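Observations on the three-dimensional arrangement
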Amino acid sequence: MVEHTDITASSDWNVTRSDINAFYSARLRGLDPPDPGPQLYVTVPSYVRSGEPVRAEALVLNGGKAQVGVDVQLIDAAGRPVGAGAGAVVPGHEAGDATTGDVVTAGDAPAGAAGTAVGGGFVRARATTIAADGTILQQVTSAPTVIQPAGRPGRTPMQRTGYYSVPARAALPGQVSLRIDGDPAAPQSREAGGARATVTAPAGAAVRFAEILQNTRQAGLGFGVPGFTAGVPMRPRRIIGGQRISADAAGCYVGRVIDAGERVGYSDPVLVADPPG
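Residue numbers restart at each chain and count upward from 1, following the sequence in its written direction. Given that the model is predicted, a residue must reach a pLDDT of at least 70 before its local features are reported, and side-chain atom pairs must reach 80 or more before they are shown or counted; all residues, however, enter totals for whole chains, interfaces and linings. Only heavy atoms go into the side-chain values, all of them from the structure, while hydrogens and water stay out.

Brief notes about the overall build of the chain
Helix and strand content of the chain: two helices and 23 strands. Going through the 277 residues of the chain one by one, you find that 47% of them count as buried. We call two residues in contact when some of their heavy atoms are within 4.5 Å. Of the contacts made within the chain by residues no fewer than 6 positions apart, 64% connect residues no fewer than 24 positions apart. Numbering goes from the N terminus for both helices and strands, where a helix is a DSSP run of H or I of at least four residues and a strand is a run of E of at least two. Only protein chains enter the accessibility calculation, which uses a 1.4 Å probe; a residue is then buried when its area is under 20% of its type maximum, exposed when over 50%, and partly exposed in between.

Right, here's the structure in full:
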């Protein structure tokens, strides 16, 4: 799984890849689709550099007989449209998608919900499926895509762009929140772990796990608790293949919660600037 070749359910992709596999496996074998109705999925990159295109995809696996429309629109932190949306029509028993191709620069997106903004903040994508009579069938909002500064390739260890996918039927109701107390980039925090990050689930959620992501890597994981706190930045470590995960404190922090029903929710990112000098 470290090579991201898995199709099983995972925290980043939820059930999107496994559902795609099941849909096409049934089709290739001449069977009915595994779900009798249309299912909607929204997938976005975890981050882009300022000036790079943000391509958000709304995918429909239409197991029903009637065609459906699908729309996707990038939005800012206040829910306002960013750039032009995209749309498509998906026939019955077919798969189809609508994908944006807008370029979002540092000045186009708002600053993050907390912390010191670097770059331009973040955007999300909102995807909707619509029946022929105009009825909204499903709607889902994506995880955040962080806008990183264009001229900052080395300070923050984000060598690979990951992707976060949220199925409409597996979107956690309510808003996940993330708070950082202290400055992870300050010398005293880097040396003594003085900064703390807290992720909190929506009220009433039966939490399976609450996670703190630092520059797309896991910095902390708590099981069965509605709120979880960990020291940041995370400590340097190595994973399979000798890859070193840096303890660079700058960059982005995101909270993720998955509940007992496998529903997933993401916080707004907290952006931390490089230390002076």
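Thoughts on helix H1 (residues 16-28)
To estimate how far a helix should extend, the number of its residues minus one is multiplied by 1.5 Å. For H1, with 13 residues, the first-to-last C-alpha span of 18 Å sits near the 18 Å given by 1.5 Å per residue. Buried within H1 are the following residues: Thr16, Asp19, Phe23 and Ala26. Down the axis of H1, the sector holding all buried residues measures 100 degrees, keeping them to one side. On its buried face, H1 is in contact with strand S1 (38-45), strand S4 (57-62), strand S7 (95-99) and strand S13 (163-167). The directions considered for the arc are those from the helix axis to the C-beta atoms.

Overview of the confidence of the model for the chain
Per-residue confidence for the chain gives a mean pLDDT of 85, with 82% of residues at or over 70. Think of pLDDT as the predictor's per-residue confidence, scored from 0 to 100. For residues 107-119, every residue scores under 50 in pLDDT, and the model assigns this stretch 40 contacts once sequence neighbours within four places are set aside.

So, the pattern of salt bridges
By salt bridge we mean one thing: a side-chain nitrogen of Lys or Arg within 4 Å of a carboxyl oxygen of Asp or Glu. Enumeration over the complete set of coordinates arrives at nine salt bridges. One salt bridge in this structure joins arginine 208 and glutamate 262, with 2.7 Å as the shortest N-O distance. Taken together, the residues arginine 208 in strand S16 (residues 207-214) and glutamate 262 in the loop between strand S21 (251-259) and strand S22 (264-266) connect sequence positions 54 residues apart. Taking the relative accessible area as the measure of exposure, arginine 208 reaches 42% and is therefore partly exposed. A relative accessible area of 35% means that glutamate 262 is categorised as partly exposed.

A look at the sheet that holds S7
By way of backbone hydrogen bonds, the strands of a sheet pair with one another, either parallel or antiparallel. At least two DSSP bridges between two strands are required for those strands to pair. Taken in spatial order, the four strands of this open sheet run S7-S4-S1-S13, and their pairing is antiparallel. Taken across any chain shown, the strands that pair with only one partner, and hence form the sheet edges, are S7 and S13. The average undirected angle you get between the axes of adjacent strands in this sheet is 20 degrees. For S1 and S4, the ladder comprises six bridges, and the chain directions are antiparallel. By the bridge assignment for S4, tyrosine 41 is matched with leucine 59. In the packing of H1 onto the sheet, contacts are made with S1, S4, S7 and S13, and the angle to S4 comes to roughly 35 degrees. Each axis is a line fitted through C-alpha atoms, taken for helices only over the stretch in contact, and angles between the N-to-C directions span 0 to 180 degrees.

Focus on the sheet that holds strand S18 (residues 227-232)
If you walk across this open sheet you meet the three strands as S14-S15-S18, and the pairing is antiparallel. Single-partner strands in this sheet number two, and they are strand S14 (177-181) and S18. With strand direction ignored, the average angle separating the axes of adjacent strands in the sheet is 20 degrees.

Focus: the side chain of threonine 198
When you line up the elements, threonine 198 lands in strand S15 (residues 195-200). Residue class for threonine 198 comes out buried when judged on its relative accessible area of 9%. Under this definition, polar contacts are N or O atom pairs within 3.5 Å; protein pairs additionally need one hydrogen-donor-capable and one acceptor-capable atom, and for neighbouring residues in sequence, both atoms have to be side-chain atoms. One polar contact links threonine 198 to threonine 229, side chain to side chain, over a distance of 2.8 Å.

Points about the environment of glycine 220
Considering the arrangement of structural elements, one finds glycine 220 in strand S17 (residues 217-223). The sequence separation of glycine 220 and threonine 198 amounts to 22 residues, and the corresponding C-alpha distance is 9.6 Å.

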